[in-house]
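# Structure at a glance
What follows is each chain in one-letter form.
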Amino acid sequence: MTQETSPKAAVIFDIDGVVRDVSGSYRRAIADTVEYFTNAAYRPTPLDIDQLKSEGVWNNDWEASQELIYRYLTAGGQSREELQLDYNAIVAFFQSRYRGPDPNNLTGYICDEPLLLQPSYLEQLTQAGIAWGFFSGATRVSANYVLEKRLGLQSPVLIAMEDAPGKPDPTGLFATVRELENEIERSAIVYVGDTVADMYTVEKARSLDSSRTWIGVGVLPPHVQETPTRSEAYTETLLRAGAAIVLSNVQELTPIQIHKLIS
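The residue numbers shown here count from 1 along each chain, following its written sequence. pLDDT decides what is reported in this predicted model: residues at 70 or higher carry local features, side-chain atom pairs at 80 or more are listed and counted, and totals for whole chains, interfaces and linings draw on all residues regardless. Side-chain metrics rest on all non-hydrogen atoms present in the structure, leaving aside hydrogens and water.

## Examining the packing of aromatic side chains
How two aromatic rings sit relative to each other is given by the distance of their centres and the angle of their planes. The aromatic pairing rule takes the rings of Phe, Tyr and Trp, using the six-membered ring of Trp, and pairs them if the centres are within 6.5 Å, calling planes under 30 degrees apart stacked, those over 60 edge-to-face and the rest tilted. Scanning the entire structure with this criterion turns up 12 aromatic pairs. Residues Phe94 and Tyr98 carry aromatic rings whose centres are separated by 6.3 Å and whose planes lie at 40° to one another, so their mutual orientation is tilted. Of this pair, Phe94 and Tyr98 both sit in helix α5 (residues 87-98), 4 residues apart, which is roughly one turn of the helix. In terms of burial, Phe94 and Tyr98 fall into one category: buried. Consider the rings of Phe135 and Tyr191, whose centres lie 5.8 Å apart with planes at 35°: the pair is tilted. Placement of the pair is Phe135 in strand β2 (residues 131-135) and Tyr191 in strand β4 (residues 188-193), with a sequence separation of 56 residues. The helix and strand labels rest on DSSP assignments: H or I over at least four residues marks a helix, E over at least two residues marks a strand, and numbering proceeds from the N terminus. Residue exposure (1.4 Å probe, protein chains only): buried if accessible area is under 20% of the type maximum, exposed if over 50%, otherwise partly exposed.

## Topic: the pattern of salt bridges
Pairing between side chains of opposite charge can happen when the charged atoms of each approach one another. Salt bridge, as applied in this entry: a Lys or Arg side-chain nitrogen positioned within 4 Å of an Asp or Glu carboxyl oxygen. A complete count under the given rule lists 16 salt bridges for this structure. In this structure, Lys167 and Asp14 form a salt bridge, with 3.1 Å as the shortest nitrogen-oxygen distance. Taken together, the residues span a long stretch of sequence, with Lys167 in the loop between β3 (158-159) and α8 (171-179) and Asp14 in the loop between β1 (9-13) and α1 (26-37) at a distance of 153 residues. A relative accessible area of 5% means that Lys167 is categorised as buried. A salt bridge links Glu67 to Arg80; the nearest nitrogen and oxygen atoms lie 2.8 Å apart. Of the two residues, Glu67 is situated in helix α3 (residues 61-75) and Arg80 in helix α4 (residues 80-83); the sequence distance between them amounts to 13 residues. Given the relative accessible area of 33%, Arg80 is considered partly exposed. Salt bridges here are not isolated pairs; linked through shared partners, they connect Asp32, Glu35, Arg43 and Arg97.

Structural measurements only, silent on function.
Written out as structure tokens, the structure reads:
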């Protein structure tokens, strides 16, 4: 690809809450897991989970589940040292709900996730000379299930949970950019996510690499759009965390909108 025809921007997408609606899957699995390990004494609401995520460090849903369990149980007077939760048991229970009991045959909540973008949208970006890829805290199996099996993408550029430290560490974002390097040269990078951790990742990338333009775009996950009050509060949270704009669906990030952002 020559300098003249190189895309001037690359868009890297988070997956959960951006490409697929995980309110009835990952978030439901968090609630199930917390309920199970608190002996049905506490089931976190979607708002409880959002409030935890707004702290910007709980992108990993297994760790988020463990943290909610700890917070509930320590509020009752026990210390974390006394409790000594079994993290592997938490992960196994979560996965049994999210993926289903058979790890080789996905039958859990993952099978029912509504898609939030269509392959035709990605084709529009390609036609406009905009490179794209994915950086997600989801496991590779889970990410590939939605990208390859459900969206029909052929070996898309993907950095998943196993490939990099968790967000807001920007290592995985840099790795995604490197995978796209031949296509994008010194392009502006737009990272699209639905959480505070996603926006913090962009801020950290910017502080470590000033040779590029780094832009964070927030997307409202479907579960916060049920009332105007929740939408407005969540929008404010993402803007405060560094989002340049906040959209209600990823497909609103058109080639025209991308070029506006980077110019």
